[in-house]
Amino acid sequence: MSTPTRRRLPDAPFLAAATGAGPGRRPVWFMRQAGRSLPEYRELRAGIGMLESCFDPELVCEITMQPVRRHGVDAAILFSDIVVPLKAAGIDLDIVPGVGPVIANPVRSVDDVRALPRLRREEVGAVTDGVRLLLDELGETPLIGFAGAPFTLASYLVEGGPSRHHERTKALMLGDPRTWHALLGVLTDITVEFLRAQITAGVDAVQLFDSWAGALSLAQYREFVLPHSERVFAEIGQAGVPRIHFGVGTGELLGVMGEAGADVVGVDWRVPLTAAARRVGPGKALQGNLDPAVLFAGSEVVDREIRRIAHEADEAITLGATGHIFNLGHGVLPDTDPGAITAAVELIHDLPTPL
Ligand code: CP3
């Protein structure tokens with residue numbers, strides 16, 4: 001990997017919290033902060049497909065900037081999707097509105113795995129061009145790059161689309177472990193290449209989304225997923241950018257997800273940050289964990305919940321967490337009032353910073 005010229009953003013609260021330095025204020029950003037909650041997003045995307053937008057550097061830049069301008073969040077997250085590197089590598093898939101990623105030819109046999117392509121760096125040139133445009137626009141605001149983790153990508157490829165129970169994925173994993181590990185090996189290679197491309201282009205941090213890992217037991221995660229996610233973090237480690245690891249419903253997995261090698265562990269709303277700090281153990285920062293539905297409950301409730309989380313975050317730090325990045329427990333829901341998001345950012349920034 002060629003050595004990227006890193007931006008130096010010593011005062012950025014998001015990077016300070018992620019690396020265990022004391023931030024000047026509590027940093028906050030929101031998963032899915034770009035997207036359908038914003039009228040300016042809906043206007044810009046009118047008549048343009050999701051994947052088409054992800055491969056248009058100007059659109060990637062503009063859509064990524066929209067929530068930064070509107071809400072004043074402490075980090076931008078690259079507008080893209082976890083299936084973008086799969087599409088770029090040549091896998092036939094689409095993102096269907098209201099459904100999610102749909103795969104034309106699901107991967108279910110050893111021959112299907114053997115036929116999978118690898119990702120070549122130039123195939124995500126539109127994404128890295130978008131990153132370069134963003135670095136000029138963002139000023140002092142850090143940019144988070146991301147990728148889907150091997151398990152969550154495998155779930156889409158094996159099921160053929162979104163799945164509630166992940167039954168075909170688990171059938172392959174438990175019934176044919178050799179093929180499973182071969183599949184996750186290929187997906188790990190693609191994920192590493194996609195993250196390295198973004199890091200080389202200059203992103204300031206990365207997040208690995210293992211959104212559906214919460215469907216697994218601890219034993220299943222350890223045997224069938226951990227070695228692969230561990231390799232992702234190890235192979236991007238030398239770049240020195242903070243690495244965040246996130247999944248939904250992963251309360252029982254927080255410790256082992258921390259073991260995979262990230263610097264920051266994302267927590268959904270089901271587990272208080274104090275319990276998360278105990279499960280993850282000392283030496284890592286935490287990110288989260290406001291329930292996205294709380295943003296529908298009115299300002300008094302939002303205010304109360306934000307103060308509770310800030311208090312729990314401070315306790316988590318006394319328990320050994322190295323920092324806290326405010327976020328939701330999962331993505332912004334499409335019908336969220338953008339005004340409620342801006343108000344949440346203002347409140348979080350007005351709270352006293354822990355010592
Ligand atoms: O957070 C951000 O603001 C950055 C953008 C982002 C998108 N997808 C844009 C998007 C990120 C980080 C993702 C990651 C992603 N994509 C994940 C992991 C995060 C998570 O939510 O757990 C997953 C599981 C996907 C797969 C995916 N792509 C789903 C489930 C959907 C929603 C389908 C729908 O229409 O309800 C998508 C499409 C998608 N990705 C949209 C956006 C803004 C909506 C498409 C649209 O606006 O038409």
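Residues numbered from 1 in each chain as written. Predicted model: local features only at pLDDT ≥ 70, side-chain atom pairs only at ≥ 80, totals over all residues. Heavy atoms only, no water.

## A word on the site of the ligand
Quick reminder of the rule: Whether a residue is near a molecule or strand depends on its heavy atoms: it is near if one of them lies within 4 Å of it. Counted as a polar contact is a pair of N or O atoms within 3.5 Å, where, for protein atoms, one must be capable of donating a hydrogen and the other of accepting one, and residues adjacent in sequence contribute only when both atoms are in side chains. Using a 1.4 Å probe, accessible areas were evaluated by the Shrake-Rupley method; residue-level cover was limited to the displayed protein chains. To qualify as a helix, a DSSP run of H or I must reach at least 4 residues; to qualify as a strand, a run of E must reach at least 2; elements of each kind are numbered from the N terminus.
Arg32, Tyr41, Asp81, Ser211 and His330 are the nearest of the 27 residues found near the ligand. A distance of 3.1 Å is found between an oxygen atom of the ligand and a backbone nitrogen or oxygen belonging to Ala34. At 2.7 Å, a side-chain N or O of Asp81 approaches a nitrogen atom of the ligand. Coverage of the ligand by the protein amounts to 91% of the 870 Å² it exposes when considered alone. Looking at the shell around the ligand, the elements with two or more residues in it are α2 (39–45) and β3 (100–103).

## Considerations on the packing of aromatic side chains
Condition: Two rings from Phe, Tyr or Trp (for Trp, the six-membered ring) form a pair when their centres are within 6.5 Å of each other. A pair whose planes differ by under 30 degrees is stacked, one over 60 is edge-to-face, and the rest are tilted. We call a residue buried when its accessible area falls under 20% of the maximum for its residue type, exposed when it is over 50%, and partly exposed in between, using a 1.4 Å probe and counting protein chains only.
Inspection of the entire model under this criterion finds four aromatic pairs. Ring geometry for Phe209 versus Phe246: centroids 6.0 Å apart, planes at 80°, classification edge-to-face. One end of the pair, Phe209, is in strand β5 (residues 205–209); the other, Phe246, is in strand β6 (residues 243–246), with 37 residues separating them in the sequence. When its relative accessible area of 1% is taken as the criterion, Phe246 is described as buried. Grouped by ring-pair contacts, the aromatic residues Phe146, Phe209 and Phe246 constitute a single cluster.

## Re helix α4 (residues 57–71)
Because each turn of an α-helix spans 3.6 residues, side chains separated by three or four positions end up pointing in the same direction. As a reminder, the rule being used: Multiplying 1.5 Å by the residue count of a helix minus one yields the expected span of that helix. The seven residues ending at a residue and the seven starting there each receive a fitted axis; the angle between those axes is the bend at that residue.
With 15 residues, α4 should reach 21 Å at 1.5 Å per residue; the first-to-last C-alpha distance of 22 Å fits that figure. At Met65, α4 shows its strongest bend, of approximately 25°, with the proline Pro67 following within four residues. In terms of burial, α4 is largely enclosed, as 11 of its 15 residues are buried.

## Quick word on a nonpolar patch on the surface
Heads up, the condition is: For patch detection, residues must exceed 30% relative accessible area and be free of salt bridges, and they are connected within 9 Å for like charges or within 5 Å for nonpolar side chains (Val, Leu, Ile, Met, Phe, Trp, Tyr). For this document, the term salt bridge refers to a Lys or Arg side-chain nitrogen within 4 Å of an Asp or Glu carboxyl oxygen.
On the surface, a cluster of nonpolar side chains totalling about 200 Å² of accessible area is made up of Val96, Val99 and Val102. With respect to the element layout, Val102 can be found in strand β3. By relative accessible area, Val102 is classed as partly exposed at 32%.

## Considerations on the packing of helix α9 (residues 167–175) against helix α10 (residues 177–201)
Rules: Only the stretch in contact is used when a helix axis is fitted, and all axes are lines through C-alpha atoms; the angle between N-to-C directions ranges over 0 to 180 degrees. Just so you know how the angles are binned, under 35 degrees is roughly parallel, over 145 roughly antiparallel, 65 to 115 roughly perpendicular, and the rest oblique. Throughout, a contact is declared for two residues whenever any of their heavy atoms are within 4.5 Å. As a working rule, the residues Ala, Val, Leu, Ile, Met, Phe, Trp, Tyr, Cys and Pro are called nonpolar, Asp, Glu, Lys and Arg charged, and the rest polar, with Gly in that last group.
The contact between α9 and α10 brings their axes to 5 Å, and the two run at 115°. Relative to α10, the element α9 is oriented roughly perpendicular. Across the interface between the two elements, Thr169, Leu172, Met173, Leu174 and Gly175 of α9 pack against Pro177, Thr179, Trp180 and Leu183 of α10. Split into classes, the residues belonging to the contact of α9 with α10 amount to six nonpolar, three polar and no charged.

## Topic: the pairing of β6
The condition is simple: At least two DSSP bridges between two strands are required for those strands to pair.
Burial along β6 is two-sided: Arg243 and His245 facing one way and Ile244 and Phe246 facing the other are all buried. Bridging between β5 and β6 involves four bridges; their strand directions are parallel. Residue pairing across strands places Gln207 opposite Ile244, the latter belonging to β6. As defined by bridge partners, β6 adjoins strand β7 (residues 264–266) across two bridges and the pair is classed as parallel. Bridging from a neighbouring strand, Ile244 pairs with Val264 of β7.

## Some details on the UniProt feature "binding site: substrate" (unreviewed entry) in the protein
Definition in use: UniProt positions are given in the numbering used here, feature names are shortened, and annotations may be inferred rather than shown by experiment.
Under the feature "binding site: substrate" (unreviewed entry), the UniProt entry names Arg32, Gln33, Ala34, Gly35, Arg36, Asp81, Tyr156, Ser211 and His330. On the basis of their most widely separated C-alpha atoms, the annotated residues across 299 residues do not gather in one place, lying as much as 22.8 Å apart. Residues in contact with Arg36, not counting those within four places in the same chain, are Tyr41, Arg42, Gly98 and Pro334. Mapping His330 onto the fold places it in the loop between β9 (324–328) and α16 (338–350). A relative accessible area of 25% means that His330 is categorised as partly exposed.

## What about the UniProt feature "domain: Uroporphyrinogen decarboxylase (URO-D)" (unreviewed entry) in the protein?
The positions UniProt marks with the feature "domain: Uroporphyrinogen decarboxylase (URO-D)" (unreviewed entry) are residues 27–36 and 144–160. Secondary structure within residues 27–36 divides into 0% helix and 0% strand; the distance between the first and last C-alpha atoms comes to 23 Å. In this annotation, residues 144–160 is assigned 59% helix and 29% strand; the end-to-end C-alpha distance for the span is 28 Å.

## Describing the state of the cysteines
This is how it is decided: The disulfide criterion is simple: two cysteine sulfur atoms within 2.5 Å.
Taken as a whole and judged by the stated rule, the model has zero disulfides. In this structure Cys54 is a free cysteine whose sulfur lies 14 Å from that of Cys61, the closest cysteine sulfur available. The exposure class of Cys61 is buried, given its relative accessible area of 9%.

## Structural notes on the environment of Pro142
As for its position among the elements, Pro142 is in the loop between α7 (125–137) and β4 (143–148). Among the residues examined, Pro142 registers a relative accessible area of 2% and is labelled buried. Each C-alpha atom of the pair Pro142 and Asp92 lies 33 Å from the other, and the pair is 50 residues apart in sequence. Beyond its immediate sequence surroundings of up to four residues, Pro142 is in contact with Arg7, Leu9, Ala12, Phe14, Leu15, Asp74, Ala75, Ala76 and Asp204.

## What about α9?
Stated precisely, the cut-off is as follows: The reported arc concerns the directions from the helix axis to the C-beta atoms and nothing else.
Along α9, the residues that are buried comprise Thr169, Lys170, Leu172 and Met173. Across the axial projection of α9, the buried residues extend over an arc of 160°, all falling on one side. Exposed residues pointing more than 90 degrees away from the buried face of α9 are listed as Ala171 and Gly175. Where α9 is buried, its residues meet α8 (150–159), α10 and α11 (218–224).

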